[in-house]
Amino acid sequence: MKKNILAQYEQLITPFITDVNQHCRAHLKQDRVLIPIIASITQGVTSSLTELVEQALAAHVQPEILLETVYQLTPVLGQLKVKQALTIMQAVFEQQQLTPVQPQLQPDKNFGAKMQDEIYGTEIKKLLQDLPDKAGDFIPEALTQHFFNDFYNRETLPVRNRERYELLALITLNVSFQIKAHARGSLKAGNSESELIWSVIQLLPYVGFPFVINSVQIIHQVAQELITK
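My aim in this report is to walk through the structure given alongside it, one point at a time. Small disclaimer: the values here were computed from a predicted structure and weren't measured.

**With respect to the side chain of R32**
Link 1 in the chain: Topologically, R32 is positioned in the loop between α1 (5-25) and α2 (35-42).
Link 2 in the chain: Buried and unpaired, R32 has no salt bridge, with D31 as the nearest side chain of opposite charge at 7.9 Å.
Link 3 in the chain: R32 has contacts with N21, C24, R25 and Q202, leaving out every residue within four places of it along the chain.

**Side note on the environment of N110**
Link 1 in the chain: You can see N110 is positioned in the loop between α6 (79-95) and α7 (111-120).
Link 2 in the chain: Assessed through its relative accessible area of 41%, N110 is described here as partly exposed.
Link 3 in the chain: Considering only alpha carbons, one finds N110 and R32, 78 residues apart in sequence, at a separation of 30 Å.
Link 4 in the chain: Apart from the residues within four sequence positions on either side, N110 is in contact with N149 and N153.

**Notes on the packing of aromatic side chains**
Link 1 in the chain: Under the counting rule described, the total for this entry stands at 5 aromatic pairs.
Link 2 in the chain: Taking the centre distance of 4.9 Å and the plane angle of 20° together, the rings of F147 and F148 count as stacked.
Link 3 in the chain: Classification of F147 by relative accessible area gives buried; the value is 7%.
Link 4 in the chain: A relative accessible area of 3% places F148 in the buried class.
Link 5 in the chain: Feature note: the residues Y120, F147, F148 and Y152 constitute an aromatic cluster, connected by ring pairs.
Link 6 in the chain: Over the face of the ring belonging to Y152 we find R162, whose NZ or CZ atom lies 5.9 Å from the ring centre.

**Description of the nonpolar core**
Link 1 in the chain: Within the largest apolar cluster, 53 residues are counted, with the highest numbers of intra-cluster contacts made by I37, I41, V53, L66, V70 and M89.
Link 2 in the chain: The leading source of residues in this core is α6, at 7 residues.
Link 3 in the chain: Those residues within four positions of I37 in sequence are excluded, and the remaining contacts are L49, L52, V53, A56, L66 and V70.
Link 4 in the chain: Counting residues in each nonpolar core, the second largest holds 9 residues, with M115, I119, F148 and Y152 among its members.

**Quick look at the environment of E51**
Link 1 in the chain: Note on placement: E51 falls in helix α3 (residues 49-58).
Link 2 in the chain: On the accessibility criterion, E51 (45% relative accessible area) is partly exposed.
Link 3 in the chain: As for E51 and E163, which are separated by 112 residues in sequence, their C-alpha atoms are 25 Å apart.

**Here's the deal with the side chain of S186**
Link 1 in the chain: Turning to its location among the elements, S186 is positioned in helix α11 (residues 176-188).
Link 2 in the chain: Overall, S186 belongs to the buried group, its relative accessible area being 0%.
Link 3 in the chain: A polar contact is formed between the side chain of S186 and the backbone oxygen of E163, at a distance of 3.0 Å.
Link 4 in the chain: Discounting residues that sit within four places of it in the chain, S186 has contacts with E163, R164, L167, N191 and L196.

**A word on the packing of α3 against α6**
Link 1 in the chain: As a packed pair, α3 and α6 sit with axes 10 Å apart at the nearest point and diverge in direction by 50°. Taken together, α3 and α6 sit at an angle that is classed as oblique. Pair α3 / α6 crosses with right-handed handedness. Counted together, L49, T50, V53, E54 and L57 of α3 and A85, I88, M89, V92, F93 and Q95 of α6 form the full contact between these two elements.
Link 2 in the chain: In terms of residue class, the contact of α3 with α6 is built from 8 nonpolar, 2 polar and 1 charged.

The rules behind each value
Residues numbered from 1 in each chain as written. Predicted model: local features only at pLDDT ≥ 70, side-chain atom pairs only at ≥ 80, totals over all residues. Heavy atoms only, no water. Helix = DSSP H or I, 4+ residues; strand = E, 2+ residues; numbered from the N terminus. Buried < 20%, exposed > 50% of the residue type's maximum accessible area, 1.4 Å probe, protein only. Lys, Arg positive; Asp, Glu negative; His and termini not counted. Salt bridge = Lys/Arg side-chain N within 4 Å of Asp/Glu carboxyl O. Contact = heavy atoms within 4.5 Å. Phe/Tyr/Trp six-rings, centres within 6.5 Å; stacked < 30°, edge-to-face > 60°. Lys NZ or Arg CZ within 6 Å of the ring centre and 35° of its normal. Core = buried A, V, L, I, M, F, W, Y, C linked by side-chain atoms within 4.5 Å. Polar contact = N/O pair within 3.5 Å; in protein donor to acceptor, adjacent residues only side chain to side chain. Axes fitted to C-alpha atoms, helices over the stretch in contact; angles between N-to-C directions. Parallel < 35°, antiparallel > 145°, perpendicular 65-115°, else oblique. Left-handed = near helix turned anticlockwise from the far one by under 90°. Nonpolar A, V, L, I, M, F, W, Y, C, P; charged D, E, K, R; others polar.

Given below as structure tokens:
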């Protein structure tokens, strides 16, 4: 009997995925299992999301960490892909009778804005300052309030994790300018160059070699620039 086409394909790619997983396991912590989830949601491909969420839970990733990781993608991807993913995740949680813990908020309501200033300064405000009809004012203000304050004020994820996950989503989108800016931001937030590069390598089976090679070069370049400053 002829093998099913998908079964043949799985047999073909399994060594590749296994090789990547084994090498990344030696360099990344438990949250590496979140990376395929980030890639899947960013690409709008949810056919394997139930399995990926179950694998993350089996690896003892807390459900509130899973949720916050996905919520954090909203300012990068928009709400539609995130809502679609959350519907699938909720079904898994209900099946496993899991109730995520509600997040604690930072005592300082401007914690996120302060983190933005510390990591990025006024880069976006300067970039957009020439836009007409006060659009150059609104976008940076919305970014501060609805990206940094709305999300970074939630204590469930450390800032360094948020920065790393955003970078991985941007790499999956292949947004070159943003990749460089967030590579710098991720390093300034406390991620090591090695941790970022191996996180990108974990993306290999999901985004392919061109995106990964381009991105690790950018990360290395930015890391070297920060060292020489």
